[in-house]
Amino acid sequence: NAGVTQTPKFQVLKTGQSMTLQCAQDMNHNSMYWYRQDPGMGLRLIYYSASEGTTDKGEVPNGYNVSRLNKREFSLRLESAAPSQTSVYFCASRGGQGYTGELFFGEGSRLTVL
Amino acid sequence: AQRVTQPEKLLSVFKGAPVELKCNYSYSGSPELFWYVQYSRQRLQLLLRHISRESIKGFTADLNKGETSFHLKKPFAQEEDSAMYYCALLGALGGQFYFGTGTSLTVIP
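Everything in this summary refers to the structure shown in the same document. Residue numbers here run from 1 along each chain, matching the order of that chain's written sequence. Think of it this way: whatever chain is written first is A, whatever ligand is written first is 1, and the rest follow in order. Given that this is a predicted model, residues contribute local features only at a pLDDT of at least 70 and side-chain atom pairs are listed and counted only at 80 or more, while totals for whole chains, interfaces and linings are drawn from all residues. Side-chain measures were taken over the full set of non-hydrogen atoms in the model, leaving aside hydrogen atoms and water.

## Focus: the state of the cysteines
So, point 1. For this text, the term disulfide refers to a pair of cysteine sulfurs within 2.5 Å. Per the stated rule, a full pass over the model turns up two disulfides over all chains.
So, point 2. The residue that forms a disulfide with A:Cys23 is A:Cys91, at a sulfur-sulfur distance of 1.9 Å. Of note, the bridge from A:Cys23 to A:Cys91 carries an S-S torsion of about -75° and is left-handed in sense. Of this pair, A:Cys23 sits in strand E3 (residues 19-25) while A:Cys91 sits in strand E9 (residues 87-94), and the two are 68 residues apart along the sequence. By the burial criterion, A:Cys23 is buried, and A:Cys91 matches it.
So, point 3. Here B:Cys23 is linked by a disulfide to B:Cys87, with a sulfur-sulfur distance of 2.0 Å. Disulfide B:Cys23-B:Cys87: torsion about the S-S bond near -65°, hence left-handed. Here B:Cys23, found in the loop between strand E3 (19-21) and strand E4 (24-26), pairs with B:Cys87, found in strand E9 (residues 83-90); they are 64 residues apart in sequence, far enough to count as distant.
So, point 4. The buried label applies to any residue whose accessible area, calculated with a 1.4 Å probe on protein chains only, is under 20% of its type's maximum; exposed applies above 50%, and partly exposed to all values in between. Accessibility expressed as a relative area gives 0% for B:Cys87, which makes it buried. For the purposes of this entry, the term helix denotes a DSSP run of H or I that reaches at least four residues, the term strand denotes a run of E that reaches at least two, and both are numbered from the N terminus.

## Observations concerning the interface of chain A and chain B
So, point 1. Counting from both sides, the interface comprises 23 residues of chain A and, opposite them, 21 residues of chain B.
So, point 2. Buried area adds together the accessible area that both of two parts lose upon being put together, with accessible area traced by a 1.4 Å probe. In this assembly, chain A packs against chain B so that about 1900 Å² is buried in total across both faces, 56% of it on carbon and sulfur atoms.
So, point 3. The term salt bridge refers to a pairing of a side-chain nitrogen on Lys or Arg with a carboxyl oxygen on Asp or Glu at a separation within 4 Å. Counting the contacts that link chain A with chain B gives two salt bridges.
So, point 4. Between A:Glu107 and B:Arg43 there is a salt bridge, with the nearest N and O atoms lying 3.7 Å from each other.
So, point 5. The term polar contact refers here to a pair of N or O atoms within 3.5 Å; inside protein, the definition further demands a hydrogen-donor-capable atom paired with an acceptor-capable atom, and it admits residues adjacent in sequence only when both atoms are side-chain atoms. Summed over the shared surface of chain A and chain B, the result is seven residue pairs in polar contact (both at pLDDT 80 or more).
So, point 6. Those elements that place two or more of their residues in the side of chain A that touches chain B are strand E4 (31-38), strand E5 (42-49) and E9 of chain A.
So, point 7. No other element matches E5(A), which puts four residues into the side of chain A that touches chain B.
So, point 8. Nonpolar residues are Ala, Val, Leu, Ile, Met, Phe, Trp, Tyr, Cys and Pro. Charged residues are Asp, Glu, Lys and Arg, and all others, Gly as well, are polar. Class assignment for the residues of the side of chain A that touches chain B results in eleven nonpolar, seven polar and five charged. Any two residues whose heavy atoms approach within 4.5 Å at even a single point are treated as in contact.

## So, the nonpolar core
Residue and element names in this part refer to chain B.
So, point 1. Residues belong to a common nonpolar core when they are buried Ala, Val, Leu, Ile, Met, Phe, Trp, Tyr or Cys residues joined through side-chain atoms within 4.5 Å. Counting 26 residues, the largest nonpolar core has Trp35, Leu72 and Tyr85 as the members making the most contacts within it.
So, point 2. Among the secondary structure elements, those contributing two or more residues to this core are strand E2 (10-14), E3, strand E5 (32-38), strand E6 (45-49), E9 and strand E11 (103-108).
So, point 3. With four residues, the single largest contributor to this core is E9.
So, point 4. If sequence neighbours within four positions are ignored, Leu72 has contacts with Val19, Glu20, Leu21, Trp35, Leu47, Leu48, Phe59, Thr60, Ala61 and Tyr85.

Dropping the structure here:
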């Protein structure tokens with residue numbers, strides 16, 4: 001059981017380039033999330049998908065787009081990368097209803113925008 | 001608005017000393033609160049949740065609705081407790097998980 005898998009683990013971009021972070025979970029979870037982690041800022045929610053076919057903005061959605069491709073996969077796209085998007089990105093999934101479902105995290109993707 | 005506040009970015013204690021990591025929240029309703037931990041070079045993982053009222057690795061956390069707090073405590077810190085700790089709140093819409101800014105705990109041998 002792989003859990004939550006993110007690719008790539010590391011990426012360097014130039015300002016203005018685009019890229020997609022991929023996330024897949026094999027736990028049959030309904031909800032999936034994208035966070036960014038920055039020093040002193042903690043984890044901030046970018047987008048989430050409560051169920052297949054739905055996506056919603058989190059705290060810091062500007063500059064990002066997401067796609068819930070199917071129940072397993074939830075991708076995060078940077079259309080025109082900016083240095084402010086240099087961060088570590090975490091994908092997470094959650095299966096339970098209400099408060100019973102804990103978040104399971106991927107290993108993170110470290111993105112540097114030059 | 002739902003917010004989670006962890007006032008201490010860094011916390012150092014000696015091995016064997018008690019440790020308390022503070023978490024305060026603001027929420028209109030009945031909150032669901034969690035503590036997550038991130039050890040060096042590992043992914044974030046759930047440490048405990050308030051509804052379980054359990055003790056994991058010697059840690060406990062009690063929800064105090066009057067003080068809107070969910071502090072994490074351990075009576076005797078161990079070196080292996082050194083990690084980043086995040087307090088988290090499950091949002092009213094049932095989907096959004098909000099995290100605090102985290103507290104980096106260092107246990108000094």
